[in-house]
Amino acid sequence: VKDRGICALNRNGTITFMNRKFKKFANVTANEVIGKSISAIGISSQFVSVFMELVEKTFTDGPTTTEIRATQQSQ
């Protein structure tokens, strides 16, 4: 799993964990983001929307594994 970016959120969209790969993707450090809303870290609002839909689905339907593939582009 070390080659995959992982970000854990609570029900409110607050970041509770982020691995090194996801931090690199989001261009942040853990100190900057742990305890903050996923929408506050400067990633695409489209990603935030997808993340929040998955969080709600997990709390409604139970645990699931979902993979989102993203490509980081300049700008």
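Quick caveat: nothing in here was measured; it's all calculated off a predicted structure.

**With respect to helix 3 (residues 45-61)**
Counted at 1.5 Å a residue, the expected span for helix 3 with its 17 residues is 24 Å, and the 24 Å between its end C-alpha atoms agrees. Turning to helix 3, its buried residues number three or more, namely V48, F51 and V55. Seen end-on, helix 3 carries its buried residues on one side only, within an arc spanning 65°. In helix 3, the exposed positions angled more than 90 degrees off the buried face are occupied by Q46, E53, T60 and D61. Looking at the buried positions of helix 3, the neighbouring elements they touch are strand 1 (7-9) and helix 1 (20-26). N-cap assignment for helix 3: the residue whose side-chain oxygen lies 3.0 Å from the backbone N of Q46 is S44. Phi turns positive, to about 105°, at G62, one or two residues after helix 3.

How each quantity is defined
- Residues numbered from 1 in each chain as written.
- Predicted model: local features only at pLDDT ≥ 70, side-chain atom pairs only at ≥ 80, totals over all residues.
- Heavy atoms only, no water.
- Helix = DSSP H or I, 4+ residues; strand = E, 2+ residues; numbered from the N terminus.
- Expected span 1.5 Å × (residues − 1).
- Buried < 20%, exposed > 50% of the residue type's maximum accessible area, 1.4 Å probe, protein only.
- Arc of directions from axis to C-beta.
- Contact = heavy atoms within 4.5 Å.
- Polar contact = N/O pair within 3.5 Å; in protein donor to acceptor, adjacent residues only side chain to side chain.

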